[in-house]
Amino acid sequence: CHSHHAVNACLAPLCSLHHCAVTTVEGIGSVAGKLHPVQERIAKAHGSQCGFCTPGIVMSMYALLRNSPQPTLRDIEDAFQGNLCRCTGYRPILEGYKTFTKQGGCCGARGKGEGCCMTSAHKEEHVNVSTTHVNCICGDPTRLFDPSEFMPLDPTQEIIFPPELVVRSQTCNITYSSSYSDACETPRNPSALTHTSASHYHASVCAVLRVVYTQTVQGQQQSCSQKLTSDDWRRLKAEKPYTYQVTHQVADGCNTCRCVSVKLKARFDVALQSLGKQPARSLRFIGERVLWIQPSSLKELLELKAAYPAAKLVVGNTEVGIEMKFKNLLYPVILAPTYIQELSRIQYTENGIEFGASVTLTVMGKELREQVDKLPTYKTEVFQAVLEQLRWFAGQQIRNVAVVISDFTVCAIGGNVMTASPISDLNPVFMAAGCKLTLVSKEGRRVLQMDENFFTGYRKTALKPKEILLSVEIPYTKKGQYFSAFKQSPRKEDDIATVTCGMNVVFQEGSNIVQQIKLSYGGMAPTTVLASSTCDLLVGRKWDEELMEDACSSLAEEMTLSPSAPGGMVTYRCTLTISLFFKFYLTVQHKLAQTHLSVEDVRPDYASALELFHLDSPTSVQLYQAVPPGQSPDDVVGRPILHLSALKQATGEAVYCDDIPRYENELCLALVTSTKAHAYIKSIETDDAMAVPGVVTFVSAKDIPGSNKTGPAVYDETVLADDKVTCVGHIVGAIVADTQAHAQRAAKAVKIHYEDLQPVIVTIQDAIANQSFYEPVRVIEKGDLAKGFQECDDVLEGEIHIGGQEHFYLETNCTVAVPRGEDGEMELFVSTQSASKTQALVAKALGVPSSHVVCRVKRMGGGFGGKESRSTVLSTVVAVAAHKVRRPVRCMLDRDEDMLVTGGRHPFFGRYKVGFKRDGTVTALDVTYYSNVGNSMDLSLSILERALFHMDNCYNIPHVRGTGYMCKTNLPSNTAFRGFGGPQGMMVSESWISDVALRCGLPAEQVRKINLYKQGECTPFNQCLDQFTIDRCWEECMNISDFHQRKASVELYNRQHRWTKRGLSIIPTKFGISFTAVFLNQAGALVHIYTDGSVLLTHGGTEMGQGLHTKMIQVASRTLEIPITKIHISETSTNTIPNTSPTAASASSDLNGMAVYNACRTLLQRLEPYKSKNPNGSWEDWVKAAYFDRVNLSANGFYRTPDLGYSFETNSGRPFNYFSYGVAVSEVEIDCLTGSHKNLHTSIVMDVGKSLNPALDIGQVEGAFMQGVGLFTLEELRYSPEGCLYTRGPGMYKIPAFGDIPIELKVSLLRDAPNEKAIFSSKAVGEPPLFLAASLFYAIKDAITAARAESGLSGPFRLDSPATPERIRNACEDKFTKLLEHPHTVPADGAVGVEVEGHQVFWTCDDKPSILVLTTVPPHT
């Protein structure tokens, strides 16, 4: 029996896959051949937008189905804990895959089962419902998708495990979920293999292979090593007496390590047939710098450990690559005891279960779960606590594989112990339980109990250098013993802990008197620690409220942190130690009461504090308007048709920039970036870098043939820094080498000598203090502000900080530059939203006309504004390098590089003064915005202007003034991000209106409604509102959310619960559609009709998952009156459509759609005579007739938005063509003790006019909303005071995951709301819905208000964005927070820590604090 596991390919060393069969997304189905049901359902359920994450999600689901052909909903949710998507909002993925489950298995029953989709009753034509039990209308063309069309899953048709690999029963089948790496080098970029057909690499010979084989001669083993030819392989295959230990070595000419790995598999197949018939033997892989040894026995392992004491032990997955990458560490020897039986055993002892150190967490969890089901509850308290921790430990893909025994990322039980991480999820549990550890070396065995003496220092244990951990014994519990474990982290799923703990209490028999207690914490010291003093204090005492209060007071004194403690969040972490004990106290009190002791049970209003965090399975409803009766079936406008690339994306066949096949003489590039935020460059040493094998050249500013000045709007940047750097991550140069690994190694070897400059300005507060601003300062003013404040009844002032946000597109920036050899021509393949800007800036850097540079964009794996201007940061460097070496050059940034170099959403700080009447009517507003721009202007002026244009949100303010400042700081330039300043502007407006409601003591929804605009009223910038639908959106959202009933339920819940509170909020949005830079509101299109009737369509927009190409084909199909199957879009390129505007501002469908329409209308006019002559003819007949009559079957289309233009000087004009409107209602539940929250419900009503494609538009609404969920509740950027970004990569920076979507989600597209100002009466949809996620933020604030009321606190209070667990907990002031006197952390652009004695203390990802003396920051900032 073979097990199937989805693994993170970028973390699974190639060498660890010996004896495994590897399946990638290309191996299970294809568009040209046959799709696998897993691929088909995610595509047809509209679960693939940009598609870059789709192969990983497909393979996670595929692995689940191989093990469980009919999984439960919980199985699916667990399987996806390690997957991320930035586009879809997750809902359609879950909805498509629910059809595989027992609960929602449509349409495998084919009409035979109760509740099957084929027997469900038709309810409403335009409603799509997805609940736990799927209710769908098979064959209904108005459904988002039709489950009856899905292929049934047939497990008997799956790929079999290769017989030649059947070596032993433990053999497993590894299913890749993304990419992978050569074991001897750092991990490749995500999705590399899954997006490229493996057959491409089988064709290239790029490795020198050799075999190490042994034989016994006169009782002695002899070894030989030689390179292999094809004749050698045939000979070796025939020589049965030999046992082969296959190794590999990368050849000098190999372009990428992944070529080696695939080629190795192809060559290994010959030898593995012999291997399968032989006993296990040791295996050695010899890399360029690393020796990987897989010993065959425990004895051999111990001998190797004695010979190589510093060797890393790896059991399938490792942090070695990450340490090599980020810390420049090198481990010359790696030991992989994968198949050593003693390390994989599970044994039952008298006292518990003994797990071998290499048992994976998945296997351990399964075993513990079985025992919990079998044994009495009292006996499995520790087992249940371990299982609770495993629920939130990494993702399923990580738990599936065993990893480094002595490293950081660990998924074998031994690894969790030996890493000695101070924030380990399991070590506090093991310490509190007193687990026994069996250690072994050549000298023998010994047993240690995990207690307060086991961890001797930061990441140090009591093990001797030559010892290894053999097993861990997890004990049974007994009657009168109670055990709990807790983990608190910023994101519940797959996140690093803030504080973890294990708590164990044993009572004297038949009593509630404490006999023994252990409280163990992680995250409160350099090691896992016991609260020994508190434990000693509690022994011999009754478990009552007095004990609880004394314990909390003792913990407040004992579990303290220095203000400079690594990890920061000092107040929050100290509060958690007390809060989590209080949860444990209540849990034990409840259990004691159940044992019929004379113990009073927990108060009913405290009961919710006992509940473990869990989420119900999500449900959803989507409502949209059906196409009118009589619309032709071939007219697909208004129908929810499939994203045209979805199937290719689901099979891995969609081509992204880095999937373009390598050129024969291609080179790879790695950036050399500044480590200083503000400094002169004194010198650059490249000798060590040039000595790295394969390095061709170092590129510096001296190599730029044209201009070194660059920038999207103002030339205030450099392509490569020449004499000065102004941020950490400033690109100084680049290494060009034969492989990416060599280039990256060499880049790290470049030494730059600096002369520091002052000041280093990181935060908005730094900029204000230093008066560091860009010009101009923008002001919009309307009415008489002084009069407005005189007329009001009350005035309040407030502030809010809105943190920045990383784009986190799944495909990082990538460029391939190909010199064409004459006239300075250059062809670029780029992942960019702005092909023409890329073309122009590359031409400027090369010193050639733009006509000599061609930029091509096939598709992007996400953009969100991050590839509008900052993609040129990379593409210009790559082009300069290609020009210098006269060869193709490629670079795809690693995630950490991309996050460091490219910038993100602007952090904003808003100060406001608002005047209002007693009924909540606002009469005057004076608001000031500060944005953190970074080290160059980029697009920041337009972003600030849009923030000012949205300072009113949907509220009519008679007297208003908005002022905007752009802060010049030493951070990488911040840039466009979905919403483009609008969300920040509206967030400040919702903050002051929320404060007004609190000050007046009125319901927030009442205050918001009475201030809403009405039809015909004018904005602060004097644009009057026509086709105004916010009132309709408001009423419909109130109805579909059952707002009044929901509010009554929330109020009742809050009266009945002390330690959990619920909150409710309704938030409107008004978003202006158009580029505020008027000249960008233009677009072009080119349409070719070929003689066979097929149509090639090109337009100026780029496809990044939003479905723009799909919509443009729908527009062309309706206009030309032909099926979409006849129309094709290949790519976006500057040699077909010149001078294109960026695909941004939500205006691409409007602009390009009209250009396509105009081009098609031109062609229709040319064809009209032939249609008239032959009215019964076909499209092909008319086209051929026109061709033979020498009619031009190619046409350009062009469109410019009319009547646009605004003047800040006169506050007049029309900055926007129209507005998109929406309203959202959200309900949340917060845990007042930990700060965690659940998104219980969201209803969204969005005005998108007449939707061109409801499936795509609903996908955009949900995707934007979830990105807003990240912005307002989760995602947090952190910098050092020296301007270094620490939250680089998914380990430190958390975007929303599957578990963050609202449990109940309703999305309705407003009906009967045509928009006469856009193509086919549609409206823009990409950016406007994002701000609706603020409804969750203000629902959280509403819940906090209820919690504060329990402590007698009322009125306005400050809550900065994002509303992280730390901010939520600190705002819920109570008796536990009063026990602590530590100052709160200071929110300032993410460069935050704790403030003490004029110092601000910051923290780093490697737990080393850095302290910078600063002027004391006032509490309000």
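Residues numbered from 1 in each chain as written. Predicted model: local features only at pLDDT ≥ 70, side-chain atom pairs only at ≥ 80, totals over all residues. Heavy atoms only, no water.

Enquirer: So what exactly am I meant to see when it comes to unusual backbone geometry here?
Expert: Excluding glycine, most residues fall at negative phi; most peptide bonds, likewise, are trans. Between glutamate 775 and proline 776 the backbone carries a cis peptide bond, its omega angle lying at 5°. By the secondary structure assignment, proline 776 is in strand β34 (residues 773-782). Put simply, serine 1361 and proline 1362 share a cis peptide bond, and its omega is 5°. Looking at the element boundaries, proline 1362 is found in the loop between α36 (1334-1350) and α37 (1365-1371). With phi around 60°, phenylalanine 864 is a residue other than glycine that occupies positive phi space. Mapping phenylalanine 864 onto the fold places it in the loop between β38 (853-857) and α25 (871-885). One non-glycine residue with positive phi stands out, namely serine 1146, at about 60°. Along the chain, serine 1146 turns up in the loop between β47 (1132-1133) and α33 (1148-1173). (Helix = DSSP H or I, 4+ residues; strand = E, 2+ residues; numbered from the N terminus.)

Enquirer: Honestly, the pattern of salt bridges in this entry has me stumped. Any pointers?
Expert: Should their charged atoms come close, side chains of opposite charge can pair. Inspection of the entire model under this criterion finds 56 salt bridges. The salt bridge involving lysine 1047 is made with glutamate 1005; its shortest N-O contact spans 2.5 Å. You can see lysine 1047 sitting in helix α31 (residues 1043-1056) and its partner glutamate 1005 sitting in helix α29 (residues 1004-1010), a full 42 residues away along the chain. Owing to a relative accessible area of 21%, lysine 1047 belongs among the partly exposed residues under this scheme. For glutamate 1005, a relative accessible area of 14% corresponds to the buried category. Among the ionic pairs, glutamate 1276 bridges to arginine 1367, the shortest N-O distance being 3.4 Å. (Salt bridge = Lys/Arg side-chain N within 4 Å of Asp/Glu carboxyl O. Buried < 20%, exposed > 50% of the residue type's maximum accessible area, 1.4 Å probe, protein only.)

Enquirer: For this particular structure, what's the right way to read the pairing of strand β27 (residues 679-685)?
Expert: In regular strands, side chains alternate between the two faces of the sheet. Bridging between β27 and strand β31 (residues 724-725) involves two bridges; their strand directions are antiparallel. What sits directly across from alanine 679, in β31, is valine 725. Where β27 and strand β33 (residues 751-756) come together, six bridges link them in antiparallel fashion. The partner of glutamate 685 across the bridge, within β33, is lysine 751. (Pairing = 2+ DSSP bridges.)

Enquirer: In this structure, what is going on with the state of the cysteines? I would like to understand it.
Expert: Here a disulfide denotes a covalent bond joining the sulfur atom of one cysteine to the sulfur atom of another. Under the counting rule described, the total for this entry stands at one disulfide. A disulfide bridge connects cysteine 1018 with cysteine 1024, and the sulfur atoms are separated by 2.2 Å. Note on cysteine 1018: relative accessible area 21%, which makes it partly exposed. Cysteine 87 carries a free sulfur, and the closest cysteine sulfur to it, the one in cysteine 50, is 3.6 Å from it. (Disulfide = S-S within 2.5 Å.)

Enquirer: Where do I start with the sheet that holds strand β8 (residues 283-286) in this structure?
Expert: By definition, the strands of a sheet pair up through backbone hydrogen bonds, in either a parallel or an antiparallel sense. Strand order in this open sheet of four strands is β8-β9-β12-β10, and the pairing throughout is mixed. Each edge of the sheet is formed by a strand with only one pairing partner; in this case those strands are β8 and β10 (312-313). Bridging between β8 and strand β9 (residues 291-294) involves four bridges; their strand directions are antiparallel. The residue bridging arginine 284 from the neighbouring strand is isoleucine 293, located in β9. Packed onto the sheet, helix α8 (residues 298-307) meets β8, β9, β10 and β12 (333-335) and runs at close to 155° relative to β12. (Contact = heavy atoms within 4.5 Å. Axes fitted to C-alpha atoms, helices over the stretch in contact; angles between N-to-C directions.)

Enquirer: Any chance you could explain the packing of aromatic side chains here in plain terms?
Expert: For the coordinates displayed, the defined rule picks out 40 aromatic pairs. Taking the centre distance of 5.7 Å and the plane angle of 35° together, the rings of tryptophan 1059 and phenylalanine 1376 count as tilted. Of this pair, tryptophan 1059 sits in the loop between α31 and β43 (1060-1073) while phenylalanine 1376 is found in the loop between α37 and β54 (1394-1396), placing the two residues 317 residues apart along the sequence. A single burial state applies to tryptophan 1059 and to phenylalanine 1376, both of which are buried. Counting every residue linked through ring pairs, the aromatic cluster contains Phe949, Phe1021, Phe1028, Tyr1206, Phe1208, Phe1216, Phe1219 and Tyr1221. For the cation-ring pair, arginine 1008 lies above tyrosine 1338, with the distance from its terminal atom to the ring centre recorded as 5.5 Å. (Phe/Tyr/Trp six-rings, centres within 6.5 Å; stacked < 30°, edge-to-face > 60°. Lys NZ or Arg CZ within 6 Å of the ring centre and 35° of its normal.)

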